[in-house]
Amino acid sequence: MRVTLFGTGYVGLVTGACLAEVGNQVCCVDIDAAKIARLNRGEIPIHEPGLEDMVRANRAAGRLNFTTDGRVGVAHGEILMIAVGTPPDEDGSADLSHVLAVARTIGRHLTDPALVVNKSTVPVGTTALVRETIAAELAARDVTIDFDVVSNPEFLKEGDAVKDCMRPDRIVIGADSAGAVELLKRLYAPFNRNHERIVTMDPRSAELTKYAANAMLATKISFMNEMANIAERVGADIEMVRRGIGSDPRIGHHFIYPGVGYGGSCFPKDVQALGRTAREHGYEPRILDAVEAVNRRQKDKLFELIAHHFGGRLSGRTIAVWGLAFKPNTDDMREAPSRALLQRLWEAGAKVRVYDPEAMDEARRIFGARADLALCDSAQAAVDGADALAVVTEWKAFWSPDFVALRERLREPVIFDGRNIYDPAQVEAAGLAYYGIGRGRSL
Ligand code: NAD
């Protein structure tokens, strides 16, 4: 099939590459000319395991093309997919300006019947709004062209995006017409072979499904962080509690890890946007408000442990930070807990030496050059000359350091483990002090 993706970010580029990989002719459109130029040179602007090879191979095979020209994209696709950003507006609601800009582009250039598929995370009612926007552009051109709009929210996870796209847990299609569902079923058939993953529903339910999924996951994280804060005060170890509750199949082991709060481009903005939608409809979303409040407080947790350890005197101290990305296997630092920690450390007069396996370019772009920030080439280099070590992202490469060597490199032998990846007894046996999240050491 001929498919056009609008937006070449984590969702658009991965979806485009995967659809090309299974034989479709894919055109990817982005308004970011620098990004398209890089993609046309064979460079991948984001880190996503498996993506680079797939993009290269499909470009070389002529199945994957990149352009900034919306007209070319509209002319190419019988299926037009919207995968642009929906960042939070100032009031927390989702900013639909990019989605509606694509709808206008489609309406302005459409010449043949097409199915418009919205993959961006959007508030309930946006499918109808996109339909109205396209119809208004067609009316302004005084033409009648058959088109349909469906909601097809995306559930891929950064870091596992290619795998999730090729083998999704489910494919949600919110459509009003059987024809649209049939066309999408054909498109997704290669990803839906061994058992049925397609769940069809009306567009409004599909739109809410995406928010409900992210809000549920964010709730699990905030719930566990709340338990961790209680565990710390009563002298319990949340890691024991986690294993104890996860073995109940009604709870499960997934997504119940305490830490330094959730970040990324989805959970913070989606919990906020859903809360906003609820309020607009006269409902006070008490759980969502609490999920957000707990998360905001949790992002300060590591800083508070560090400040506590140093008696509130951080001026002149240097803290090594391992991990900047909001989670492992991505370079994405949007809303990352590391940013909250760095900000608090800088405000307290401390310097930081940071290392992340993939997010160093992103850190350079976000922070620029500053005297209180050293961007280091390795985890070891970050620790050199530092007073203490804080682990913020649980990259596999950080799991088994040589603790004795760490003790020798650090001026003050102490580790602040924001992800509970170390065994406190092992760390302490190597002569380092240990702080985790919810592991018995109360503030
Ligand atoms: P992103 O910020 O990585 O990429 C968005 C891209 O859209 C950018 O390259 C931008 O230049 C481009 N763009 C903006 N306006 C455009 C226009 N008018 N025409 C063409 N391109 C345009 O975003 P993302 O992380 O891929 O997320 C896209 C959507 O998918 C969001 O709604 C997000 O909430 C949702 N989503 C994201 C993830 C994720 O893990 N990142 C997962 C599921 C759903």
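Residues numbered from 1 in each chain as written. Predicted model: local features only at pLDDT ≥ 70, side-chain atom pairs only at ≥ 80, totals over all residues.

Participant: Please explain the overall build of the protein chain as it appears in this structure.
Facilitator: Of the regular secondary structure elements, the protein chain holds 18 helices and 14 strands. Computed over the C-alpha atoms, the radius of gyration of the protein chain is 24 Å, within 12% of the 22 Å expected from 2.2 N^0.38 for a compact globule of 443 residues. A principal-axis box enclosing the C-alpha atoms of the protein chain has dimensions of 75 × 50 × 45 Å. Looking at the 443 residues of the protein chain, the share that counts as buried comes to 46%. Here the analysis covers contacts within the protein chain between residues at least 6 apart in sequence; of these, 72% occur between residues at least 24 apart. (Helix = DSSP H or I, 4+ residues; strand = E, 2+ residues; numbered from the N terminus. Rg over C-alpha atoms; globule rule 2.2 N^0.38 Å. Buried ≥ 20, exposed ≤ 12 C-beta atoms within 10 Å, placed from the backbone. Contact = placed C-beta atoms within 7 Å.)

Participant: When you look at the UniProt feature "binding site: substrate" (unreviewed entry) in the protein chain in this model, what are you seeing that I'm missing?
Facilitator: Within the UniProt annotation, "binding site: substrate" (unreviewed entry) is assigned to F155, L156, K157, E158, K210, F255, I256, Y257, P258, G259, G263 and K327. Spanning 173 residues, the named residues do not form one spatial group; their C-alpha atoms are separated by as much as 23.9 Å. Within the secondary structure layout, F255 lies in the loop between helix 10 (238–246) and helix 11 (267–280). In this view, F255 contacts L217, K220 and I221; residues no more than four positions away in its chain are not counted. (UniProt positions renumbered as here; feature names shortened; annotations may be inferred.)

Participant: Explanation requested: the packing of helix 9 (residues 203–234) against helix 12 (residues 286–298) in the structure shown.
Facilitator: A pair of packed helices can be characterised by two numbers: the angle between their axes and the separation between those axes. Packing of helix 9 against helix 12 brings their axes to within 9 Å, and their N-to-C directions diverge by 55°. With respect to helix 12, the axis of helix 9 lies oblique. As helix 9 runs across helix 12, the sense of the crossing is left-handed. Side by side, helix 9 and helix 12 meet where A215, A218, T219, S222, N225 and E226 of the first sit next to I287, L288, V291, V294, N295 and Q298 of the second. (Axes fitted to C-alpha atoms, helices over the stretch in contact; angles between N-to-C directions. Parallel < 35°, antiparallel > 145°, perpendicular 65-115°, else oblique. Left-handed = near helix turned anticlockwise from the far one by under 90°.)

Participant: Can you walk me through helix 11 in this structure?
Facilitator: Three- or four-residue spacings in an α-helix give side chains the same orientation, since the helix completes a turn every 3.6 residues. The end-to-end C-alpha distance of helix 11 is 20 Å, a good match for the 20 Å that 14 residues give at a rise of 1.5 Å each. Those residues of helix 11 not exposed but buried are F267, P268, K269, D270, V271, A273, L274, G275 and T277. Each element contacted by the buried residues of helix 11 is listed here: helix 9 and helix 12. G282 sits one or two residues past helix 11 and shows a positive phi near 75°. (Expected span 1.5 Å × (residues − 1).)

Participant: How should I be thinking about the site of the ligand in this particular structure?
Facilitator: Contacts to the ligand come from 26 residues, most closely from G7, G9, V11, S120 and T121. Put simply, the parts of the chain that give the shell around the ligand at least two residues each are helix 1 (10–21) and helix 5 (97–109). (Near = placed C-beta within 6 Å.)

Participant: Please clarify how the packing of helix 9 against helix 11 should be interpreted in this entry.
Facilitator: As a packed pair, helix 9 and helix 11 sit with axes 9 Å apart at the nearest point and diverge in direction by 115°. In terms of their interaxial angle, helix 9 and helix 11 are classed as roughly perpendicular. In this structure, the crossing between helix 9 and helix 11 has a hand that is left-handed. Residues Y211, N214, A215, L217 and A218 of helix 9 lie in contact with helix 11, whose contacting residues are F267, D270, V271, A273 and L274. Residue classes in the contact of helix 9 with helix 11 are distributed as 8 nonpolar, 1 polar and 1 charged. (Nonpolar A, V, L, I, M, F, W, Y, C, P; charged D, E, K, R; others polar.)

Participant: How should I be thinking about the domain arrangement of the protein chain in this particular structure?
Facilitator: Note on interface size: it is often stated as the accessible area lost on association of the parts. Per the domain assignment, the segments making up the protein chain are domain 1 (2–200) and domain 2 (202–443). Between the C-alpha centres of domain 1 and domain 2 the distance comes to 32 Å. On the domain 2 side, the residues contacting the 27 residues of domain 1 number 26 residues. Only helix 6 (126–141), strand 6 (147–151) and strand 7 (171–174) provide two or more residues apiece to the side of domain 1 that touches domain 2. Per-element accounting of the side of domain 1 that touches domain 2 gives the leading share, 3 residues, to strand 7. Across the side of domain 1 that touches domain 2, the residue classes break down as 14 nonpolar, 10 polar and 3 charged. (Domains from an automatic or database assignment.)

Participant: In this structure, what is going on with the environment of I46? I would like to understand it.
Facilitator: You can see I46 is positioned in the loop between helix 2 (33–40) and helix 3 (51–60). What makes I46 partly exposed here is the crowd of 19 C-beta atoms within 10 Å. Among residues more than four places away in sequence, those in contact with I46 are Y10, L13 and D331.

Participant: I would appreciate a short explanation of the sheet that holds strand 11 (residues 373–375) in the present structure.
Facilitator: Sheets are built from strands that pair by backbone hydrogen bonding, the pairs being arranged parallel or antiparallel. Taken together, the 6 strands give an open sheet; going across it, the order is 11-10-9-12-13-14, and neighbouring strands pair in parallel fashion. The sheet is open, and its two borders are formed by strand 11 and strand 14 (433–435), each paired with just one other strand. Neighbour-to-neighbour, the strand axes of this sheet turn through a mean angle of 20°, independent of strand direction. In this sheet, strand 13 (residues 414–417) lies alongside strand 12 (residues 388–391) in parallel orientation, the contact comprising 3 bridges. By the bridge assignment for strand 13, L389 is matched with I415. In this fold helix 14 (residues 337–347) packs onto strand 9 (318–322), strand 10 (351–355) and strand 12, with an angle of close to 175° to the strand it touches most, strand 9. (Pairing = 2+ DSSP bridges.)

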